[in-house]
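# Examining the three-dimensional arrangement
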Amino acid sequence: MQEIVSKNVWKSFGIITAVKGLSFEGEKGQTLVILGPSGAGKTTTLRLIAGLEELDQGEIYLGGKLANDLLPYQRNLAMTFESYALYPHMTVSENIAFPLKAPERKANYSNKEIKEKVREVAQLLGIDELLNRMPRELSGGQRQRVALGRTLIKEPRIFLFDEPIAHLDAKLRHRMRGEMKRLFKTLNSTVIYTTHDYIEASAIGDKVVVINKGELQQVGEPQEIYNHPINDFVFGLTCDPSANFFQCKLVKRNEGYYLENEDITLSLPKKLANKILLSNAEREIRLGIRPIDIVVSTIRSEKAPLPAEIYTFEPLGSKLIITIKFGQSLLKAKLGEMMKVDIDQKIWIGFSMARLYLFDLKTGINILKNGDKYGSISI
Amino acid sequence: MQKEKIRRILLYVGAIVVTVIVLFPFFWIFLNSIKSPIDIGAAYPKFIFHAISENYKDILLGTGAKSSFLKYLKNSLIIAGLGTLLSFVVSVPAGYALARLKLRSEKTKNNIAFTLLSFWFGPELAILIPLYTMYSYLGLTNTYMGLIIAYQVIGIPLGVWIARSFFGDIPLELAEAASIDGYKLWHIFWKIDLPLVRPGLAALAVLIFIFQWNNFVFALVIAGEGTMPVTLAILGFIGYSSVLWGQMSAAIIISIIPAIILAIMAQKYLVKGLTFGAVRG
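Residues numbered from 1 in each chain as written. Chains lettered and ligands numbered in written order. Predicted model: local features only at pLDDT ≥ 70, side-chain atom pairs only at ≥ 80, totals over all residues. Heavy atoms only, no water.

For the rest of this paragraph, the subject is the overall build of chain A. Across its full length, chain A holds nine helices and 20 strands. When the backbone C-alpha atoms are referred to their principal axes, chain A occupies close to 85 × 50 × 35 Å. Taking all 379 residues of chain A together, 50% fall into the buried category. Taking as baseline every contact in chain A between residues at least 6 positions apart, the subset at least 24 positions apart corresponds to 65%. Counting only carbon and sulfur atoms, one obtains 48% of the accessible surface of chain A, whose full area is about 18,100 Å². Averaging the positions of the 52 positive and the 45 negative side-chain charges in chain A gives two centres separated by 1 Å. (Helix = DSSP H or I, 4+ residues; strand = E, 2+ residues; numbered from the N terminus. Buried < 20%, exposed > 50% of the residue type's maximum accessible area, 1.4 Å probe, protein only. Contact = heavy atoms within 4.5 Å. Areas by Shrake-Rupley, 256 points an atom, 1.4 Å probe, with all protein chains shown as cover. Lys, Arg positive; Asp, Glu negative; His and termini not counted. Charge placed at Lys NZ, Arg CZ, Asp CG, Glu CD.)

Right, dumping it as structure tokens:
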């Protein structure tokens, strides 16, 4: 059964439309990640589901029932806020116990049971030493875990997490990512989680909902979104550190088809060229390549036939990020192994041809559909 | 460097002058309250004299007309005390509602708040005549209740306005978190927002009390012998033939003591109230 359904939901604040006809579904026990840059409408979407905002149009179903007119406390949800929203005048233990002491739930628990449950949750999160502290006496990571504890104790139908680990430092973020994933699976609960970080989305989510400027871009499993981004925007999100794009034109010469600009010429199989010609009258293409799919070599080879220069480089332990000056553009390459390079050094580069992405320049749509075979592109 | 020093000296001199101007009347009244009538009436103000406590004894323990000063003090306490309570109970939830509830438009909300505040700006004299007519008709003149109700004109606008700004400073997310945690508006008010503004509200209560305690005009028109507060009673020391300067000064000193004590307390709380936003967890 679909635990959460958002159907053509619209929401405006004055002249700004934050959510534009958003539709998606989430199954029971699934972790649904809403991925998008800041200002994409992630938080608004979450607030609409929680009932903190009234939607202008559309329907939200929770557990199969229309929830449009339900107040937040009637929806049986739990939510952590980006700012954690801990109650500053209560101790950690009072903060965590607060949902169980709500008027409608109070009758179900004795004081002893509440105490027991608080201790259980605190132990699970490793904050049992902090129960008598006030929120202002805690570090960011500790506050985050208290906020998490307050969410977990309730055993709600759906958990909502609004960028819960965005403000933690990198190490702690990485640790919490794994811990939260494990937690979600042990609880077998439905989770909706927002983030602007594809890696986080991919690490935590069973299903990723990509949105931009309030509009749905793509829904799918993380791997599917990585392998078959529906447009250049989604592709850009999945690139680390950032996407490389070339603007090219499709030309025909001597019975052959080529994608070219001033720096590069790629020969296309005929089938693929026809496909482009059918969908794209202007024949203009945005070529996308992930940093990890750029081949870098100090010697010329078949795999790295193009001359380039190193603009700058960042060794990151086991990884190496190189910014490459290639013709008119700067490309980012991410190498899995270390190699000795220097600024302004001449190098040779190539692309993993099977991992090239072709987008319509105007609409941004990915021209290569999942499963289509057109033969390979070559330089 | 030299310039900075001069600036500081001038600043201190200025502060001292202002302090003296403000405090001198209190000082003078205090001196009068411990002087004998002869010393008070001396042609040149006397700073060295034989201090006496008769004036205080007269009004606190005395007999006849003078002894009723304690009664007036009690009247003031009842009227300003209950008046403050009523203002507080009405204006704190009202301020909360104005800060938090969604009305059809933000503008309506601001209009309501500003209309209330305008009662505070408006001269009390403007409503005295209709108030007196109504009170006579309703039989509220010379009653505690009548005075307490009239004092709401002072207490409620101030209370609503300040309570509204206190509640407005609390991050909305706390209330939202509580509403998701299963609480309705009333409980959120009671368990989250109210405890967070408690220091500020203590200062507010003190402020309302001081303003109501100090009121003169409403009492002048509405109060009678049985309900007269100290502000009015002090006038009683001015007789047809003579002015009882000594007793009057003693009465003034006694009547400003509660206000001074509360003001000092309020100062402490006000500082807390003002820094509240900065230390929020």
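After that view, the rundown keeps rolling.
Moving on to the interface of chain B and chain A. Contact residues are listed per partner, giving 19 residues for chain B and 27 residues for chain A. Area buried by chain B at its contact with chain A is led by Ile-180, Asp-181 and Tyr-183 of chain B, which between them contribute 32% of it. Across the chain B-chain A interface, the total number found is three salt bridges. The closest approach of N and O atoms between Glu-176 of chain B and Arg-47 of chain A, which form a salt bridge, is 2.6 Å. The interface formed by chain B and chain A contains 11 residue pairs in polar contact (both at pLDDT 80 or more). Counting residues per element, the ones that place at least two in the side of chain B that touches chain A are helix H8 (172–180) and helix H9 (185–196) of chain B. Among the elements that line the side of chain B that touches chain A, the one with the most residues is H8 of chain B, at seven residues. Of the residues belonging to the side of chain B that touches chain A, the class tally is eight nonpolar, four polar and seven charged. (Buried area = accessible area lost by both parts, 1.4 Å probe. Salt bridge = Lys/Arg side-chain N within 4 Å of Asp/Glu carboxyl O. Polar contact = N/O pair within 3.5 Å; in protein donor to acceptor, adjacent residues only side chain to side chain. Nonpolar A, V, L, I, M, F, W, Y, C, P; charged D, E, K, R; others polar.)

Attention shifts here to H9 of chain B. Residues and elements named next belong to chain B. Under the 1.5 Å per step criterion, the end-to-end length of H9 is 15 Å for 12 residues, consistent within 8% with the ideal 16 Å. Along H9, the positions that sit buried rather than exposed are Ile-188, Phe-189, Ile-192, Asp-193, Leu-194, Pro-195 and Leu-196. Tucked inside the fold, the buried residues of H9 contact helix H4 (69–100), helix H7 (144–168), H8 and helix H10 (198–213). (Expected span 1.5 Å × (residues − 1).)

Residue and element names in this part refer to chain A. Strand order across the open sheet formed by six strands is S6-S7-S8-S3-S9-S10, with mixed pairing between neighbours. The open sheet is flanked by strand S6 (77–80) and strand S10 (215–220), the only strands paired with a single partner. Taken over all neighbouring pairs, the strand axes of this sheet differ in orientation by 15° on average, direction set aside. With five bridges joining them, strand S3 (residues 31–35) and strand S8 (residues 190–195) adopt parallel strand pairing. Bridging across to S8, Leu-32 finds its partner in Ile-192. Across the sheet, helix H1 (residues 42–50) touches S3, S6, strand S7 (158–162), S8 and strand S9 (207–212), and the angle it forms with S7 is around 150°. Against the sheet, helix H4 (residues 140–152) contacts S6 and S7, and its axis sits at roughly 175° relative to S6. (Pairing = 2+ DSSP bridges. Axes fitted to C-alpha atoms, helices over the stretch in contact; angles between N-to-C directions.)

All names here are of chain B. One can read the domain layout of chain B as domain 1 (2–60) and domain 2 (69–273). The interface is formed by 11 residues belonging to domain 1 together with 13 residues belonging to domain 2. There are zero salt bridges connecting domain 1 and domain 2. At the boundary of domain 1 with domain 2, the tally comes to one residue pair in polar contact (both at pLDDT 80 or more). (Domains from an automatic or database assignment.)

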